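Read off the chains here:
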Amino acid sequence: MSRARQDREVLLLALQAGRILLENGAEIFRVEDTVYRICHAYGLYSANAFVLSNGIFLTSGDEEETQFAKVLQIPVNHANLSRVAEVNQLSRRIEAQQCSIETVRQELERIEQLPEFPQIVQILAAGIGGSCFCLMFGGAIPDFICSFLIGALLQLYLLKLGRRYFSKIVCYLLGGALVTLLSIFCYLMKLGPHLDAMMIGGIILMVPGMAFTNAIRDMADGDYISGSVRMLDAVLVFFCIAMGVGFVIALYGRLTGGVLL
Amino acid sequence: MNLLIQTLAAACGTVAFSLLFGAPKRYYAYCALIGGSGWLLYLVAAPLSSPPTATFLATVLVILMSRWFAVRKRCPVTIFLISGIIPLVPGAGIYWAAYYAVTNQLSTALDRGFGALKISVAIVLGIVFVFELPQKLFRVGLKKEEHL
């Protein structure tokens, strides 16, 4: 393979690795670092990467090395940390021992094809997660069972409807409303005595913990633009959930004239 | 007894979140340990101080442990950190703020909202400070050739 072709291949692979990382919830710093590590491992030192929360700009070229420029726009996706771990492992391997470019390409392909958990497992996990948090915030055994159902139904909604068809704002607004409706229903049917614990168990499943944590870490690393974008994302989701919750509680108050709790 | 149940619930909840975030299965035990310890420290510290202080201490513990395991297991710290910190994120604060706001108890709503903000700031401080610590500290006890 000619030098120019090889350089091009390496840069494309570095971009692909960066894209997988960024899509699946890695920090900006890690994306840049991985792109450089891959480029350097194949003797490409003029590469320059500029990474934002939803895009990568990669250029290279000087007197000896090939001119190359590519911009990659990256849609916000649902994160999968396994992929981050795998790409990280791959970049360590590339550094430690020269892998052939073909191997790297195959590995990246494989990582991208890594299966998600089956939806039923995710729904059960959400149920368990919700009910555990319900216990932590003052729930009793009946609330625990209700919370399991609320969490599972919420995850079903997020998987089948919310994340697929709605914008983020509408998705979490309706999610907050759904949790509130179900919790009020359980409370009124005397299935669970602690309305607040059931509510919190449901809400916590939508809380943007990843966006929030990554935002802070990006800002601490000096990546202010990406940090602010991610923070805005987190705050927006927080507000949408709160509005969804508030809307249903207010509606309930209007309809019945009664006050909950 | 209550403390034990709550810690177990936190550990179990953390694992459920790691699954939802798609973390690799081999790390679930560590995620559970981190989430459980963080929440236990919060529970012990909160009555002695205030929720923001307790959150700060718990965040520091969660991140120290996350970095410790990340170096030893050679994987991105994000995997442990994100699920471990979820119990501390003020999800309850959002609910109470929204609840009091629409039931016309505005000053209580403001109190709760501000409380949630304080807890968020405590988490921010914890994250920022512990990530300033040099990586070397977390390699104590590792053999030379394992440094990477």
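Residues numbered from 1 in each chain as written. Chains lettered and ligands numbered in written order. Predicted model: local features only at pLDDT ≥ 70, side-chain atom pairs only at ≥ 80, totals over all residues. Heavy atoms only, no water.

An account of the interface of chain A and chain B is needed here, citing residue identities and associated values.
Many descriptions give the size of an interface as the accessible area lost when the pieces come together. With 51 residues of chain A at the contact, the number on the chain B side is 46 residues. Together, the buried faces of chain A and chain B total about 4,400 Å²; carbon and sulfur atoms form 77% of this surface. The largest per-residue losses of area from chain A upon contact with chain B belong to Leu 81, Phe 117 and Met 136 of chain A, which jointly make up 15% of the total buried on that side. The interface formed by chain A and chain B holds zero salt bridges in total. Applying the counting criterion to the chain A and chain B interface returns five residue pairs in polar contact (both at pLDDT 80 or more). (Contact = heavy atoms within 4.5 Å. Buried area = accessible area lost by both parts, 1.4 Å probe. Salt bridge = Lys/Arg side-chain N within 4 Å of Asp/Glu carboxyl O. Polar contact = N/O pair within 3.5 Å; in protein donor to acceptor, adjacent residues only side chain to side chain.)

Could you give me a rundown of the nonpolar core, with the residues and numbers involved?
Of all hydrophobic cores here, the largest spans 126 residues; its most connected members are Tyr 42 of chain A together with Phe 80 and Tyr 95 of chain B. Broken down by element, this core gets its largest block of residues, 11 residues, from helix α10 (residues 224-256) of chain A. Both domain 1 (3-112) and domain 2 (119-255) of chain A contribute no fewer than three residues apiece to this core. When near neighbours in sequence (up to four residues on either side) are disregarded, Tyr 95 of chain B contacts Leu 195, Asp 196, Met 199, Ile 200, Ile 203, Val 245 and Ile 249 of chain A. (Core = buried A, V, L, I, M, F, W, Y, C linked by side-chain atoms within 4.5 Å. Buried < 20%, exposed > 50% of the residue type's maximum accessible area, 1.4 Å probe, protein only. Helix = DSSP H or I, 4+ residues; strand = E, 2+ residues; numbered from the N terminus. Domains from an automatic or database assignment.)

Describe the domain arrangement of chain A, with residues and values.
All names here are of chain A. Along its sequence, chain A is organised into domain 1 (3-112) and domain 2 (119-255). The interface of domain 1 with domain 2 comprises 13 residues on the first partner and 12 residues on the second. Carbon and sulfur atoms make up 54% of the area that domain 1 and domain 2 hide from each other, which totals about 960 Å². Area buried by domain 1 at its contact with domain 2 is led by Glu 27, Ile 28 and Ser 53, which between them contribute 45% of it.

Go over a nonpolar patch on the surface with me, naming the residues and quoting the values.
Residues and elements named next belong to chain A. A cluster of nonpolar side chains, Leu 161, Tyr 165, Phe 166, Ile 169, Val 170, Leu 174 and Leu 236, forms an exposed patch at the surface whose accessible area comes to about 590 Å². Of all the elements in the fold, those that place two or more residues in the nonpolar patch are α6 (141-165) and α7 (168-188). Considering every element that reaches the nonpolar patch, the biggest residue donor is α7, with three residues. Looking at the secondary structure, you find Ile 169 in helix α7. The class for Ile 169 is partly exposed, based on a relative accessible area of 38%. (Patch = residues over 30% accessible without salt bridge, like charges linked within 9 Å, V, L, I, M, F, W, Y side chains within 5 Å. Areas by Shrake-Rupley, 256 points an atom, 1.4 Å probe, with all protein chains shown as cover.)

Would you mind going over helix α8 (residues 195-203) of chain A in detail, with residue names and values included?
Burial runs high along α8 of chain A: nine of the nine residues are buried. Where α8 of chain A is concerned, the buried positions are Leu 195, Asp 196, Ala 197, Met 198, Met 199, Ile 200, Gly 201, Gly 202 and Ile 203 of chain A. Where α8 of chain A is buried, its residues meet α5 (119-136), α6, α7 and α10 of chain A together with α5 (91-102) of chain B.

Can you break down the pattern of salt bridges residue by residue, with the values?
Residues and elements named next belong to chain A. This model, assessed by the stated rule, comprises 13 salt bridges over all chains. With a shortest N-O distance of 2.9 Å, Glu 27 and Arg 217 are connected by a salt bridge. Of this pair, Glu 27 sits in the loop between α1 (3-23) and α2 (28-41) while Arg 217 sits in helix α9 (residues 209-220), and the two are 190 residues apart along the sequence. Both residues of the pair, Glu 27 and Arg 217, count as buried. A salt bridge links Arg 110 to Glu 107; its shortest N-O distance comes to 3.3 Å. In this pair, Arg 110 and Glu 107 both sit in helix α4 (residues 101-113), three residues apart, roughly one turn of the helix.

Give a detailed account of the layout of surface pockets, specifying residues and quantitative values.
The volume enclosed by the largest pocket comes to roughly 1,200 Å³. What lines the largest pocket is a set of 43 residues, and nearest its centre among them are Val 76, Asn 77, His 78, Ala 79 and Lys 168 of chain A. Residue assignment for the lining of the largest pocket shows that the elements contributing at least two residues are α1, α5, α6, α7, α9 and α10 of chain A together with α1 (2-20) of chain B. Here the lining of the largest pocket takes six residues from α6 of chain A, the largest share from any one element. Residues from two domains meet in the lining of the largest pocket; each of domain 1 (3-112) and domain 2 (119-255) of chain A gives at least three. (1 Å grid on protein atoms, 1.4 Å probe; cavity = no way out; pocket = protein on both sides within 12 Å on 5 of 7 lines; lining within 4 Å. Points joined across faces, edges and corners; volume = space filled by probe spheres on them.)

Can you break down the confidence of the model for chain A residue by residue, with the values?
Summing up the model confidence of chain A, the mean pLDDT is 87 and the portion of residues at 70 or higher is 98%. The least confident element of chain A, judged by mean pLDDT, is strand β3 (residues 68-73) of chain A at 86; the most confident is α7 of chain A at 91. (pLDDT = per-residue confidence, 0-100.)

Can you break down the sheet that holds β3 of chain A residue by residue, with the values?
Whether parallel or antiparallel, the strands of a sheet pair through hydrogen bonds between backbone atoms. Residue and element names in this part refer to chain A. Ordered by their spatial adjacency, three strands build an open sheet running β1-β2-β3, and the pairing between neighbours is antiparallel. Each edge of the open sheet is held by one strand with a lone partner, namely β1 (48-52) and β3. For this sheet the average axis-to-axis angle between neighbouring strands, irrespective of direction, equals 5°. As defined by bridge partners, β1 adjoins strand β2 (residues 55-60) across five bridges and the pair is classed as antiparallel. Paired with Asn 48 across the strands is Thr 59, a residue of β2. α1 rests against β1, β2 and β3 of the sheet, and its axis sits at about 160° to β2. Sheet strands touched by α2: β1 and β2. Its angle to β1, the strand with the most contacts, is close to 155°. (Pairing = 2+ DSSP bridges. Axes fitted to C-alpha atoms, helices over the stretch in contact; angles between N-to-C directions.)

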